[in-house]
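Given next are the chains, with one letter for each unit.
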Amino acid sequence: MTQSIEKIVAELPSLKNVTDVWAVTDERLARGDAAFLADLGIALAGTYGSSRQVWQYRSVFDHLLRLLATTPGPDNAVQALRLVGSAEVAGRKLDRYAASLLASGHEVADLTAVFTGRASEELRACLVHELVLRGVAVEETPGIARWATSPHWSHHPLGRLPVRLSDVESRADFPNYGAHGSSHSMPYGPLESRAPMVIADARVPSVEETTTQAAAGAMAEAVANWAEESNGRIEARLFVFAEPLDAGSVPEALLALGLDCLRGAGKKTQLSVTACAPAQVWRVLFSAASSGGAYNSGSYGAYGRLAAWQSMAALAGCPEGAAVGEVEARVRDCTWHVFDADTEWFEQVAWDIGVAALAPGRRDLAVLAATDTD
C-alpha cells in the first residue's frame, strides 16, 4: 500500500465527513489511476469490512465502486472487477449491485473481462441479464457469447430466463447511476386528483376465493422486498367466478371481492381501473422488484427481471416451473388491468400498485396490490 492509502485507512473513523476522501479518489481517477481506487477499497475492506459501525467506510467504499463501475474505460471496469472480487468484500448481494452499475456505465466491449478473467458465477449471471435488459445480443457478443450460451449455468436461478428480450419487456426502467447517488423513474404512484370513477351496476357472478399461501407468495414475488426490507404491505388473492366475467365488468368485480385494499372504494371514494397491455404490467412489476420501495434498493435488474416474470406467471395462472414460452403465451392471452384507489389501505405517497389479471376463460381473476411509505 502507498503511504496515502495507509493514512486514509488510519484516519477514516475519526472523520466528520468523507468529502475530502471522495475528492482524492476523484482526482486520482481523473489522472487515470484506477488501480489506486481498487487498492484503497480493498485496504478499507480488510480493516473495516466486518464492522457495520464505521459509516465512513461504507460511504467511501460505495463511492469507489460507483466511480470505477460508472466511469467508462476498460481499465476502470477491470479495477471495479478486482474490487468486488477481493476476498474482503466478495458476496452475492455486492455482485448483483456491481453488475447493475457496470452494465449502466460501460461499453459492452469493456465488460468482456468479467467473462474472460476472474469473476464469480453470480456476477457473470447477473451481468448477462443486465445486458439483455438493455437490448444487448449477448449470444452474438464476442467474449460473452460462449459463457452466456453455455448449459453449465442452467442450474442457476437466473438460468431459467431467456437471453433474448421479450417484447413484453421492452419498456424496462433503469436507475440513473452516478458517483454520488442514483435516481429512477417509477411507473406507479398515488392516485391523481380526479373525479371518482363511475361504477355501473353490472351483474357480477357469484365468486369463490381460492387463494393459497403458495399462490399468494408467487404473485407477490416482485413486491416482496417492499414488505421484507421496507414498510410495505401486500395483498395477493385469487378468485373463481361461477360464470365467465365480461372484461368490461372488472371494475365492478373488484369492488365485489371484499379486498382490503379497496375497502371503502366506490361511488364516493376515488377509484381508477384501466385495461392495459401485459407490457405495462411487466414494467410496473420490474420497477418494483429491481428498484425497491421506500427504504431499500430492490433486487437490481437481473433478479428484478426474474421476480417480475415470477409474479406475471403466477398472476396469469401458470403452473409452477412452466417453461418461459408457455408463460409468455399465457400472459398474452390474459386480460390485464391496473387499478388504484384513494382508500386508507394505500399509503398514497409514491409506492402504490394494483394489478388484476383475468384468465383466458374469464372465470379466474388474480389480484395483486402493494403499497409502501417512508
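For the structure itself, consult the block above.
Structural notes, computed from the coordinates. (Residues numbered from 1 in each chain as written. Predicted model: local features only at pLDDT ≥ 70, side-chain atom pairs only at ≥ 80, totals over all residues. Heavy atoms only, no water.)

Digging into the overall build of the protein chain
- Looking only at helices and strands, the protein chain features 15 helices and eight strands.
- Over its C-alpha atoms the protein chain spans a radius of gyration of 23 Å, differing by no more than 12% from the 21 Å that the globule rule assigns to 374 residues.
- Its C-alpha atoms put the protein chain at 80 × 45 × 30 Å along the principal axes.
- The buried share of the protein chain, reckoned over its 374 residues, is 52%.
- Expressed as a percentage of contacts within the protein chain between residues at least 6 apart in sequence, the contacts between residues at least 24 apart total 74%. (Helix = DSSP H or I, 4+ residues; strand = E, 2+ residues; numbered from the N terminus. Rg over C-alpha atoms; globule rule 2.2 N^0.38 Å. Buried < 20%, exposed > 50% of the residue type's maximum accessible area, 1.4 Å probe, protein only. Contact = heavy atoms within 4.5 Å.)

Focus on the packing of helix α2 (residues 19-30) against helix α4 (residues 55-70)
- Closest axis-to-axis distance for the α2/α4 pair is 10 Å, and the angle between their directions is 20 degrees. As judged from the angle between their axes, α2 and α4 are roughly parallel. The element α2 and its partner α4 pack so that their crossing is right-handed. Here α2 contributes Val21, Trp22, Thr25, Asp26 and Leu29 to the contact with α4, which in turn contributes Ser59, Val60, His63, Leu64, Leu67 and Leu68.
- Grouping the constituent residues of the contact of α2 with α4 by class yields seven nonpolar, three polar and one charged. (Axes fitted to C-alpha atoms, helices over the stretch in contact; angles between N-to-C directions. Parallel < 35°, antiparallel > 145°, perpendicular 65-115°, else oblique. Left-handed = near helix turned anticlockwise from the far one by under 90°. Nonpolar A, V, L, I, M, F, W, Y, C, P; charged D, E, K, R; others polar.)

Considering the packing of aromatic side chains
- This structure, assessed with the given rule, holds eight aromatic pairs.
- Judged by centre distance (5.8 Å) and plane angle (50 degrees), the rings of tyrosine 57 and phenylalanine 61 are tilted. Linking tyrosine 57 with phenylalanine 61, this pair stays in helix α4, spanning four residues, or about one helical turn.
- Plain terms: the ring middles of tryptophan 282 and phenylalanine 286 are 4.9 Å apart, the flat faces sit at 5 degrees to each other, and that makes the pair stacked. One end of the pair, tryptophan 282, and the other, phenylalanine 286, are both in helix α13 (residues 278-291), four residues apart, so they sit about a helical turn from each other. Neither tryptophan 282 nor phenylalanine 286 differs from the other in exposure class; each is buried.
- Each residue in the set Phe115, Trp147 and Trp153 is aromatic and connected to the rest through ring pairs, giving one cluster.
- Geometry around phenylalanine 174 places arginine 134 over its ring, the cationic atom sitting 4.2 Å from the centre.
- In this arrangement the basic side chain of arginine 233 is found over the ring face of tryptophan 345, its NZ or CZ atom lying 5.4 Å from the centre. (Phe/Tyr/Trp six-rings, centres within 6.5 Å; stacked < 30°, edge-to-face > 60°. Lys NZ or Arg CZ within 6 Å of the ring centre and 35° of its normal.)

Concerning unusual backbone geometry
- One non-glycine residue, glutamine 348, lies in positive phi territory at about 60 degrees.
- Mapped onto the fold, glutamine 348 is located in the loop between β6 (335-341) and β7 (351-358).
- The phi dihedral of arginine 362 is positive, around 65 degrees, even though this residue is not glycine.
- Relative to the helices and strands, arginine 362 resides in the loop between β7 and β8 (364-372).

Some remarks on helix α14 (residues 300-315)
- If you check α14, its first and last C-alpha atoms are 22 Å apart, about what 16 residues at 1.5 Å a residue would give, namely 22 Å.
- Across the 16 residues that make up α14, a large majority, 15, are buried.
- With its phi angle positive at about 85 degrees, glycine 317 sits one or two positions after the end of α14. (Expected span 1.5 Å × (residues − 1).)

Some thoughts on the sheet that holds β8
- Strands sit in the order β3-β4-β8-β7-β6-β5 across an open sheet of six strands; the sheet is antiparallel. Since the sheet does not close on itself, it has two edges, and those belong to β3 (207-209) and β5 (271-276), each with one partner. Neighbour to neighbour, the strand axes of the sheet diverge by 25 degrees on average, direction disregarded.
- In the packing of α14 onto the sheet, the strands contacted are β6, β7 and β8, and the crossing angle to β8 comes to about 145 degrees. (Pairing = 2+ DSSP bridges.)

Some words on the packing of helix α3 (residues 34-48) against α4
- As a packed pair, α3 and α4 sit with axes 10 Å apart at the nearest point and diverge in direction by 150 degrees. As judged from the angle between their axes, α3 and α4 are roughly antiparallel. The hand of the α3/α4 crossing is left-handed. Of the residues in α4, those touching α3 at Ala34, Leu37, Ala38, Leu40, Gly41, Leu44, Ala45 and Tyr48 are Tyr57, Val60, Phe61, Leu64, Leu67 and Leu68.
- Across the contact of α3 with α4, the residue classes break down as 13 nonpolar, one polar and no charged.

Regarding the pattern of salt bridges
- A full pass over the atoms with the stated rule returns 18 salt bridges.
- Measuring nitrogen to oxygen at the nearest pair gives 2.7 Å for the salt bridge that ties glutamate 130 to arginine 134.
- Overall, the relative accessible area of 1% leaves glutamate 130 in the buried class.
- Here aspartate 173 makes a salt bridge to arginine 283, at a shortest N to O gap of 2.7 Å. A residue pair is termed long-range when its members are at least 10 positions apart, and aspartate 173 in the loop between α9 (145-148) and β1 (176-178) and arginine 283 in helix α13 qualify at 110 residues.
- Residue classification places aspartate 173 among the buried positions, given a relative accessible area of 10%.
- When salt bridges that share partners are traced, they join Arg92, Arg96 and Glu122 into one network. (Salt bridge = Lys/Arg side-chain N within 4 Å of Asp/Glu carboxyl O.)

A closer look at the environment of arginine 283
- The spatial distance from the C-alpha of arginine 283 to the C-alpha of arginine 305 is 9.7 Å, given a sequence separation of 22 residues.
- The contacts of arginine 283, once residues within four sequence positions are left out, are Arg171, Asp173 and Pro187.

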